[in-house]
Structures are given as structure tokens and as C-alpha cells.
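Listed below, chain by chain, are the residues.
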Amino acid sequence: MATPLEKWVEEQAKLTKPDKIYWCDGSEEEAHRLIEIGMKDEKIETTPIFQALNQKEWPNAYFHRSHPTDVARTEHLTYVCHNDQETAGPNNNWMNPKEAKELMTKLSDGCMKGRTMYVLPYMMGHPDSPYAKACVQLTDVSYVAVSMRIMTRMTKKVIEKIGNNNSFVKGIHSVGTFDPNKRFIMHFPDEQLVWSIGSGYGGNALLGKKCFSLRIASYLGLQEGWLAEHMVILGIEAPDGTVTYVTAAFPSACGKTNLAMLESALPGYKIWTLGDDIAWLNVGPDGRLWAINPETGFFGVAPGTSMKTNPNMLKTLKGKKFYPTLFTNTGFDTDKNEPWWEGLDTSCPKNVLDWQGKVWNKEEGGKVAHPNSRFTVSMYNCPVLSKECDNPKGVPISAIILGGKRTQLIPLVLEAFNWQNGVFMGARTGSETTAAAIHKEGVLRRDPMAMLPFCGYNMGDYFRHWLSIGNKLKHPPKIYSVNWFRTDDDGKFIWPGFGENMRVLKWIVDRINNKVSVNKTPLGYIPNLKDLDLTGLNLSKEKLEKLFEINSSAWKPELEDIKKSLENFGKRMPKEIMEEYNNLENGLR
Ligand code: GTP
Ligand code: SPV
Ligand code: MN
């Protein structure tokens, strides 16, 4: 008798009509085979899926170029298909599930002809964790199969674990014809199903990541009493050896990976990495908030990554522990057979192909690497990986840091007055858009808790859910907002960022340990400037004050924009959040 999993695979194969079906076991030996297939047999148009890089400089590394129309998430083609539109909310594109299934069935008929269907069994979360989820994704491209092996715990054992059960998380993925007009990323939360066609790009194609671990999982969390968040998890070790665990939510390409493994500018402090993108947060039996990272890899932004900005990531990328490491849409040094991107320590190579594979020359301008070019690498390569990273229980969280990219207005750091005020702080967060999704860059938009593109249900309900989690916590984490991106009159970042962000983290740890007092402002508490350790930083008093400046008249349009965005959720918006808004408005008057 076929199991529900086998029946489901069979049904999908009947529809998509692959030449072959290949069940992956997640072994290293298999990864070698898939890479071979991707170098020889599989292609995107005429380009092989993988190209071997200089193995001496970049051990185990392979290069991938995606279809030129397919280099970032496509939020406008991403749908959350609840039975009613209200549940999806104004923050999601919505389609009736029946209609969406019909559309996807039509587009998927024969979409895997001439290709192999890879069946990928994987866990999100450590298999021994009570919070982990068993999942299976189908895909027709080796790049996705290999990437999923890096990003998740992929093993045959998941098939045994699923057994005769039909309640596993399902993902169906095909690159289709890469036609942007036939590209859809559809979510069916009631069935724990993601169905994606037409794109091979990370967030659209690695269905365990944003699609399941945030959009579907956030909705599961609403039903089951937990939170799925776009957050890094890190441990901050103080000179006395104590480790304080915190999470931080910043929108895509706003500094999570960098924060997750920062090399401390303050002597005696050390950061331990647990995750760089997603956290699942549960209320523990002890009344504290506990975090696990459901992933096992980093799908990180390449441009700007260097020994100077993020040495631990470069060491991770050059690590040899886990096979393989992938580079996608960076530039390509044809003399040395190496990847290259803007901001890397070496200067631009003499002979370099741009991200589309064209010979790049300076006169014509344009970027060598795509601004959203990325690497995919195992967290087990990371030299500062926390020893708690495989702890099935996770780690207890003492602070939640929220932020975005704001060149104006928002102070370097703020502490919320309490949990409710912190939820409002997250709700009002705005950020300037980046290259991580296809849209105009640098436009300010509200991105509550960095979850705007990832909350799988009505965000009004999401804020209410955050408030209810707060009520369940006997020891709630303190909530902070940070902004590394405020600029001066010349448009230069005032704050040096990266490893220097440790100075702000230290202040947060000092606050958690009740070592320092604060100043109250309408926006939240700010530090007494004397309590920020700025030793060795060449920052004038004037610039420092600018980092904390609160200009009431400049806040007028900001307040209007916040109000509009909150009111957008109508009756679904908790009155507590509107109260917080009114307090802020009155305070700034
Ligand atoms: P996703 O993977 O899209 O979720 O992005 P992320 O939030 O992990 O962003 P990441 O850390 O990859 O940083 C994105 C860009 O911001 C890179 O080009 C970084 O160099 C830059 N960046 C990160 N931290 C800082 C900082 O403290 N200051 C400044 N000025 N830039 C930063
Ligand atoms: C992001 O865009 O937030 C990412 C990359 O982390 S993706 O997996 O494409 O979502
Ligand atoms: Mn992300």
C-alpha cells in the first residue's frame, strides 16, 4: 500500500510529467552527484546550472547564474490563499484557494517534461525539537535541491517520521519556463501547502524558507500560540563569560546577517551566531520566550560582504566543513575562476563577467554583481556558531531588537517602555526598500517587525497575537528599536555600523542587567550618552547628538504615514496599538 506521501508524489508527477523522479536522501555523496548533473546535463537556456569555482581559494564552491528576469523575490506575484480575503488582510495578495489551484494546475500541466523531479524530505528545526516540522518539497532543478540541503536538515529519516501521516508540510516547485507572466508563489495555509512556479530564486523557490517558515508558519503560530519571525538569533558573551541571547528583526538586506555574526569592536565581548534570518519563538514553561532557528544555512547578500565588514562570513564562505557552498549572480573573474562583488576586499578584476555573464567594462558602468546576488552556505562552516545551535529547546531570549533602514528621523537606539509599547514600536517601523525584492529601491514603506512581505495573515490580527504572547510571558524580553543608517547632510552614514554595533548591543545588555539608567522621550527611552561605550571611536559630540535627535516638526509627516498604515487594518487593529499611537502623537506635540 502506498503511503500518503507516495500517493501525493505520484499525483504531482501525473500532472507535471517529469522524465524521472529522484528521491533525495540528503547525503554528501548525493550532493556531489547533483552538482555533477548541474554542471553537465541541466541548463537554464544555454547556461549550465553550476560552474566549479577555484577550489583552492573557495573550497567546495560553485557558481550559479539565474535567469536574468529572476533575481529577487516577486512580492506582486506572491499570494496567500485563505478561504476569505479578510484573513489574508490588506498586507497580502489574495486569491480564492479554488481559483488559485485551478490556475496552478493549468500552468503546471507538463511543466517538468524533459526534467527530473527531485523529492526533498527535510525538517525545519532540529528533529528532536518539539517545535520542528517535517516537510517535503518537490522541485525540478538541481540548484534548488542542493540549496535546500544546505539550508535545511534534509535526511531520509524524515520519510520514516512522516510514515502514514498526511499532515506533513508540502511544497511543489517548478521553474516552468521562467516566464514572469506565468510566475506565481501561492500559499495555502489551511493545507500547509506552498505551490510555486516560474522562478528559481531563493525566497520564491526554497519553499522551506520564507514561504513555509514565515508565511505558513506565522499562521500556524497564530493558531497554536507561538510566533514565526524574520529575525536573527545571537548570543552576546560579556567579558565575565555570561551569554545573553537576543533576536533582531530587520527587513530584507538591512543587516541581519551582519549582526548575527559581528566581530565585536569592544574588547572582551564576543558574538555567537544561532541564525541569520528566521526565528520561531515559543513561550517556555518557565514563562520566558525561547527561540529556535528552523534553518541550517545562510542565504546571504554578497555585495558589501568583506573581511572588513563581516570577517566571520568570509571565513564561513571559505570553510571546508560542509559541501557545497553556492554563489548566485555575483560577478565572475575569468582569469582566476573566482566570484567577485562590489565591496569585496580585492579590487575589481581585470577580466570580469557581470552577473548576466557579459564582459564588464568600466566605461559602460553598471554593477558587476547583481545588488541582490547571494551566497548559500552552511551554518556549520561558521567559526562563531553557538554551541546551542542544535539545542532542540532553543535559547531563552532577553531582548528583541527591531529596526529598518532609515536615513532620517529614527534614533540609533530606543528602548520600549513595556511590551505593548514595543509592539507599537514594531508596528510603526518603516524602512527604505532594497534590492531583495523586485520593486523601486530606496522608497520608504511601513514594514512592521520586518514582516510585511512574510506575515501569512491579516497584520491587524498579527499585532493582537503579539499582545497576547506578551500576556503569556512571565518574563518578557525588553524590546528595542535600532537604526544604523541615519545620514548626515552629505548623505554619509553617521554611525560606523558593522562591528561597532557592538557598542549598542553592550548598552542593551547593560540595561537587561539593570546597570544603567535611561532618558525618557516620547519615542521611548534613550541612553545617557555617557553610558554608551564609544572608546576609540572618532565620533564628534555633534554627530552623536544627531544620532539621537528627535525633531517634532520633521515627525509630522511620519506620524501621518504611521496613522494611515495602522488605520488600514480597520477593526482588526487592536485598540491598544491605537492608544500607543495617540500617546506618541501627544508626546511629540
Ligand atoms: P536578507 O538576507 O535579505 O534578509 O538581508 P539581511 O537583513 O541579512 O542583510 P545583510 O546583513 O546581508 O546586509 C545587507 C546590506 O547591508 C549589506 O550590503 C551590508 O553590507 C549592509 N549592512 C549591514 N550592516 C550594516 C551596518 O551596520 N551599517 C551599514 N552602513 N551597512 C550595513
Ligand atoms: C530576504 O529577502 O529577506 C531573504 C532572501 O532573506 S529570500 O530567501 O529570497 O527571502
Ligand atoms: Mn531575509
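Residues numbered from 1 in each chain as written. Chains lettered and ligands numbered in written order. Predicted model: local features only at pLDDT ≥ 70, side-chain atom pairs only at ≥ 80, totals over all residues. Heavy atoms only, no water.

## Observations concerning the overall build of the protein chain
Within the protein chain, the secondary structure is distributed over 16 helices and 32 strands. Its C-alpha atoms give the protein chain a radius of gyration of 23 Å, near enough to 25 Å, the size a compact globule of 589 residues would have. When its C-alpha atoms are laid out on the principal axes, the protein chain stretches across 65 × 55 × 45 Å. Counting the 589 residues in the protein chain, one finds 62% classified as buried. (Helix = DSSP H or I, 4+ residues; strand = E, 2+ residues; numbered from the N terminus. Rg over C-alpha atoms; globule rule 2.2 N^0.38 Å. Buried < 20%, exposed > 50% of the residue type's maximum accessible area, 1.4 Å probe, protein only.)

## Quick word on the site of ligand 2
Residues in close proximity to ligand 2 total 13 residues, the closest being R73, Y201, G203, K210 and S252. Y201 places a polar side-chain atom, nitrogen or oxygen, 3.0 Å from an oxygen atom of ligand 2. Here D277 contributes a side-chain N or O atom positioned 3.3 Å from an oxygen atom of ligand 2. Its free accessible area being 280 Å², ligand 2 has 98% of it covered by the protein chains. Listing elements by their share of the shell around ligand 2, those giving two or more residues are α7 (202-205) and α8 (208-224). If you count residues domain by domain, the shell around ligand 2 takes at least three from each of domain 1 (4-45 + 70-225) and domain 2 (228-296 + 387-588). (Near = heavy atom within 4 Å. Polar contact = N/O pair within 3.5 Å; in protein donor to acceptor, adjacent residues only side chain to side chain. Areas by Shrake-Rupley, 256 points an atom, 1.4 Å probe, with all protein chains shown as cover. Domains from an automatic or database assignment.)

## Quick word on the UniProt feature "active site" (unreviewed entry) in the protein chain
Sequence positions flagged by UniProt for "active site" (unreviewed entry) are, in local numbering, C254. Not counting chain neighbours up to four residues away, the residues in contact with C254 comprise K405, S431, T434 and F485. (UniProt positions renumbered as here; feature names shortened; annotations may be inferred. Contact = heavy atoms within 4.5 Å.)

## Considerations on the nonpolar core
Counting 134 residues, the largest nonpolar core has F463 and W466 as the members making the most contacts within it. With near-sequence residues (within four places) excluded, W466 lies in contact with L227, E229, M231, I400, W419, V423, M449 and I479. Membership of the second largest hydrophobic core comes to 29 residues, among which are L5, Y79, V158 and L193. (Core = buried A, V, L, I, M, F, W, Y, C linked by side-chain atoms within 4.5 Å.)

## Describing the sheet that holds strand β24 (residues 374-378)
Strand order in the open sheet made by the 5 strands is β4-β5-β20-β24-β19, with mixed pairing throughout. Only two strands of the sheet have a single neighbouring strand rather than two, namely β4 (51-52) and β19 (297-301). Relative to strand β20 (residues 325-328), strand β5 (residues 61-64) runs parallel, the two sharing 4 bridges. The residue of β20 that forms the bridge with F63 is F327. (Pairing = 2+ DSSP bridges.)

## What to know about the packing of helix α15 (residues 552-567) against helix α16 (residues 575-588)
Helix-helix packing is characterised by the crossing angle of the two axes and by the distance between the axes. Close contact between α15 and α16 brings their axes to 11 Å; oriented N to C, the two are set at 165 degrees. Considering their axes alone, α15 and α16 lie roughly antiparallel with respect to each other. Crossing handedness for the pair α15 and α16: left-handed. Residues S552, W555, L559, E560, I562, K563, L566 and E567 of α15 form the contact with α16, whose own contacting residues are I577, M578, Y581, L584, E585 and L588. Split by residue class, the contact of α15 with α16 holds 9 nonpolar, 1 polar and 4 charged. (Axes fitted to C-alpha atoms, helices over the stretch in contact; angles between N-to-C directions. Parallel < 35°, antiparallel > 145°, perpendicular 65-115°, else oblique. Left-handed = near helix turned anticlockwise from the far one by under 90°. Nonpolar A, V, L, I, M, F, W, Y, C, P; charged D, E, K, R; others polar.)

## Points about the sheet that holds strand β21 (residues 331-333)
With respect to topology, 3 strands assemble into an open sheet ordered β22-β21-β23, the strand pairing being antiparallel. Looking at strand neighbours, the two that pair on one side only are β22 (338-340) and β23 (352-353), the edges of this open sheet. With 2 bridges joining them, β21 and β23 adopt antiparallel strand pairing. Directly across from D333, in β23, lies its bridge partner V352.

## Description of helix α13 (residues 502-512)
Summarising burial for α13: 10 of the 11 residues are buried, a large majority. For α13, the full list of buried residues reads M502, R503, V504, L505, K506, W507, I508, V509, D510 and R511. Count one or two residues on from α13 and you reach N514, which has phi positive near 55 degrees.

## Thoughts on the pattern of salt bridges
According to the stated counting rule, one finds 32 salt bridges in the structure shown. For R288, the salt bridge goes to D286, with nearest N and O atoms at 2.9 Å. Assessed through its relative accessible area of 33%, R288 is described here as partly exposed. Between R511 and E415 there is a salt bridge; the shortest N-O distance is 2.7 Å. (Salt bridge = Lys/Arg side-chain N within 4 Å of Asp/Glu carboxyl O.)

## Observations regarding the coordination of the manganese ion (ligand 3)
Distances from the manganese ion (ligand 3) to its protein donors, K210 (NZ), H230 (NE2) and D277 (OD), fall within 2.1 to 2.5 Å. Of note is the manganese ion (ligand 3), whose 6 donor atoms meet at the metal with angles of 65 to 171 degrees in an arrangement that counts as irregular. Sequence spacing of the donor residues for the manganese ion (ligand 3), all on one chain, is K-x19-H-x46-D. Pair noted here: K210 is in helix α8 and D277 is in the loop between β16 (270-275) and β17 (279-283), with a separation of 67 residues, a long-range link. On the accessibility criterion, K210 (7% relative accessible area) is buried. (Donors = N, O, S within 2.8 Å, 3.2 Å for Na, K, Ca; no water. Tetrahedral: all angles 85-135°; square planar, octahedral: opposite > 155°, others 65-115°.)

## With respect to the UniProt feature "binding site: GTP" (unreviewed entry) in the protein chain
Here the UniProt-annotated "binding site: GTP" (unreviewed entry) positions come out as A253, C254, G255, K256, T257, N258, R374, F498, G499, E500 and N501. These annotated residues cover 249 residues of sequence, and their C-alpha atoms sit far apart, with the largest distance between any two at 23.9 Å. Mapped onto the elements of the fold, G255 is located in the loop between β15 (243-249) and α9 (256-260). The topology assignment puts T257 in helix α9. A relative accessible area of 15% means that T257 is categorised as buried. Contact partners of T257, with chain neighbours within four places excluded, come to D276, N310 and M313.

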